[in-house]
Every structure is written in structure tokens, then in C-alpha cells.
Amino acid sequence: MAVVAKVTIEKMTFGLFQLSGDSPILAVMKKYFPKIDSELLVAIITIAVVAVANAWLMSGSSRLGPVNLFATLAIFVLFALTFLFVTRDEPYRHDTSVRVILLALEYLLVLASFMASPFEFNAILLVIWSGQLPYVMPYRRTLWLSPLWSAIPWLVFAKVWEQSNGLWLTAALFWTFNLFSLMMMESRKQAEVAREQAEQANRELRALQDLMQQASRKDERTRIARDIHDLVGHHLTALSLHLQVAARTVAPEQRPPIDQCLSIARLLLSDVREAVSDMREYGSLDLLQALNELIAPLQDKISVTIHCDGDLTELSLLQATTILRCVQESLTNSIRHGKASELHIEISRKVNQLVTEITDNGTAGEYQPGNGLTGIKERVAELNGSAEFNASPQGFHTRLMIPEPG
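Scope of this entry: the structure provided in the associated data block. (Residues numbered from 1 in each chain as written. Predicted model: local features only at pLDDT ≥ 70, side-chain atom pairs only at ≥ 80, totals over all residues. Heavy atoms only, no water.)

### So, the packing of helix H4 (residues 66-87) against helix H5 (residues 95-116)
Following both chains from N to C, one finds H4 and H5 inclined at 160 degrees, their axes separated by 9 Å at the closest point. Judged by the angle between their axes, H4 and H5 are roughly antiparallel. Crossing hand, H4 versus H5: left-handed. On the side of H4, the interface is formed by Asn-68, Ala-71, Thr-72, Ile-75, Leu-78, Phe-79, Thr-82, Phe-83, Phe-85, Val-86 and Thr-87, while H5 contributes Arg-99, Leu-102, Leu-103, Leu-105, Glu-106, Leu-109, Val-110, Ala-112, Ser-113 and Ala-116. When the residues that make up the contact of H4 with H5 are grouped by side-chain class, the tally is 14 nonpolar, five polar and two charged. (Axes fitted to C-alpha atoms, helices over the stretch in contact; angles between N-to-C directions. Helix = DSSP H or I, 4+ residues; strand = E, 2+ residues; numbered from the N terminus. Parallel < 35°, antiparallel > 145°, perpendicular 65-115°, else oblique. Left-handed = near helix turned anticlockwise from the far one by under 90°. Contact = heavy atoms within 4.5 Å. Nonpolar A, V, L, I, M, F, W, Y, C, P; charged D, E, K, R; others polar.)

### Details of the nonpolar core
Core analysis: the biggest nonpolar cluster contains 44 residues, and Ile-47, Phe-79, Trp-129, Trp-149 and Trp-154 have the highest contact counts within it. Broken down by secondary-structure element, the contributors of at least two residues to this core are helix H3 (38-59), H4, H5, helix H6 (124-130), helix H7 (139-161) and helix H8 (167-249). Listed in part, the 33 residues of the second largest apolar core include Leu-294, Ile-302, Leu-343 and Leu-373. (Core = buried A, V, L, I, M, F, W, Y, C linked by side-chain atoms within 4.5 Å. Buried < 20%, exposed > 50% of the residue type's maximum accessible area, 1.4 Å probe, protein only.)

### Here we look at the sheet that holds strand S4 (residues 386-392)
Reading across from one edge, S1-S2-S3-S5-S4 is the order of the five strands in this open sheet, with mixed pairing throughout. Of all the strands in the sheet, just strand S1 (303-308) and S4 have a single pairing partner and so form its edges. Sheet twist, expressed as the mean angle between neighbouring strand axes with direction ignored, is 10 degrees. Summarising the sheet, S4 and strand S5 (residues 395-403) pair through seven bridges and their orientation is antiparallel. Within the sheet, the bridge partner assigned to Phe-389 lies in S5 and is Thr-398. In the packing of helix H10 (residues 287-295) onto the sheet, contacts are made with S1 and strand S2 (342-350), and the angle to S1 comes to roughly 175 degrees. (Pairing = 2+ DSSP bridges.)

### Points about helix H12 (residues 371-381)
For H12, the set of buried residues is Leu-373, Ile-376 and Val-380. The arc enclosing the buried residues of H12, seen along the axis, measures out at 50 degrees, which places them on a common side. Buried positions along H12 lie against helix H11 (317-336), S4 and S5. (Arc of directions from axis to C-beta.)

### Thoughts on a nonpolar patch on the surface
On the surface, Val-77, Leu-78, Leu-81 and Phe-85 cluster together to form a nonpolar patch covering roughly 340 Å² of accessible area. Tracing the chain through its elements places Leu-78 in helix H4. Assessed through its relative accessible area of 45%, Leu-78 is described here as partly exposed. (Patch = residues over 30% accessible without salt bridge, like charges linked within 9 Å, V, L, I, M, F, W, Y side chains within 5 Å. Areas by Shrake-Rupley, 256 points an atom, 1.4 Å probe, with all protein chains shown as cover. Salt bridge = Lys/Arg side-chain N within 4 Å of Asp/Glu carboxyl O.)

Right, here's the structure in full:
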């Protein structure tokens, strides 16, 4: 939401208003809105310029008194503050409802500006307001309703100030500006969604690639270990048996070198068995490594901690992949819907079950299972497991239970 009305506002201001990073205005605003950026400041500057234009024109008008002037300035200040609260990145407890209410308040302030000031350029506020709609309402609905909410302020303006000459032509022109703002913000929103999906797919691909490489190395190590065990181990065992037979059949004075060879053969056989065991052990899948690969690009968006209780080296590729994909989906939900800042992953073994618990501190509230949560259930069900979800004021909790690897 922090980039609402960026394109529209930049077009209207033609890049004339810039603030340096050490500006005192920027410092004060960042105190209350830590994530404010230059694009949002351009919108605030535009509102301020329109307010100053109103003040200047009103001060030279004989029919407009101090009441109109102070009322108009108060409306613009309230509109700017409401705009900042609508577009801030930090979520509210009931995020969507709060932003819709704030947008409704903004619209009322737009109507109030049309009633307090007789200047048609105040419709710039309506253009700014229009650019925020795609973030809280379906795009098609905003298009269909645009003639209605674009016409109401002008009806109020015509009624209060009794102006009609060219008014509806001006209203039609500003309606096209509203549509332009809507379309540009919808395009920006879709681009953000597409970029987020691409980043998500890239993270998942890298983590899965890591698992696949581990699985490939594991298969190769297992094959080599099997070959060494079956071939070298078999021949060393046969050599030991033959040396034992030879030690019993030769003369006593010839037994010492044969016994020495038998000891060496037994030592080699022991070394081979130990090497085979090591190859099988170190050829296991490292799920923790794949999870770290998954969350590494998200460090600037959410703090993730992982705790693994017990040995996870016996997981199959399918089990590890299922857990990885479920964690990926939970991460996406926590960031996109829950607006969480922290997420904890715990993997443990309980009663012959491999249990994965994912907990965040987001604003979950009531939820409706969508494709993501349904997909988690389906993936876990393929392994004869189950998935549980619980939303509370403290955040969202996901519990995955998969039969322990046999």
C-alpha cells in the first residue's frame, strides 16, 4: 500500500517536488510512519500544494471568509493524515475493515472539500483517493462504480456553489483522471503480485533443487556403498575364510605369517564396513539445510526461527519435499495475509509421528481455507498424515502430522 497513487501523483507534480533524505519534514514524518518513502511524500506534497493554492485564492476573495479558509485547510490536513494511515505498511488488528473505514472517511473529506471551497481543482483529492481503491476492492467493481462516486462530489459542488457553466465537462475530464489512476494502480498491484509469485517460485525452486541434489548424492553414495559392501566385503570375507583354513593345514612354523595376513584381512573388512556405514550416514537428506535455503531471501520481511528435535536424516525425499512445500505456503500466508513479523518452525517426533508446527504472530482473525491451506492438507494426506490450522489473536498456527519414516 505504500506506493498508492505513485504514478498519478508523479504525473500531476511533474517531478517538481523533491525532498532530501535529511529533510526535517521527512524526519518528523518518519518518526510516526517509519516506512514512509519519497513516493508517498510526493502525494503528501501534492495535497499540501492544493491546500496552499486554496488558501492563496481564498485570501484574495471577497465572498469567502475565514471560516471557509480554516475549514478547507482543516479538511486537507485530515485528508493527508487519513491517507497516511490508509497507505501505511504496518497492519491493523482488523486490517481490511480499518482501511475500508479510513477510505470512507477520506471520501467524506473529499465531499467536504467540495462544499468548503469553490475551486474545481480540489478534484485532485478524488484522483488520489481513486488510486487507493484497487488495494481494498475488486478492480471490476471499482470500474463499474467509478461514474457514481466520481459524480457525487460534483453534484454536491453544483448544489453548494450554484455553478453549471462547463462544470460537467470538467467533471468528465476528472473522471478520466480517476480511471487513469485506477488502471495505473491496478497494473502496479498486478506487477507486485507477479513479482511476489516469481520470488516465491524462485525460493521454492532453490530449496527443492538443494533437496534434489542431496537426494542425488544420497543415491550415488548408497550405490557405491552397496557395491563396496557386496564386492570388496565379499572378497575380503572369502579371503579370511581361506586364510583360516590355511592356518589349520600348514606346519606350525608357517602359521605366523598366515595369522598376520588373516589379521590384516579382518582389519580391512572392519574398515570396509565402517566406510560403508559412514557413506550411508552422510548420504542422508538435510532438511534443515533446505529450509534455511528457503527462508534466507526473506530475512528483511520476517524473522524465522527453526528448531529440530531429533534426527531427521531418515526422511525420504517425498517426506522432506512435502514439509518444505508446506512451510513455503505457510511463509507466504504469514507475510501476505497475516502481516506477521515473526514465524517459528518446530519439527519433532511424537508417538511415531513426525510433527511440524508452524506458528506466526500475524493478525489472522477468522479465516476461510483457500487454495493454499487446502493444498497443504492434500500434500500431507498423500503421506497418510493430517494437517490442523488454528487462528487466534496471538497469530496463526499450523500443525502437520506425518507417519514417522519406517
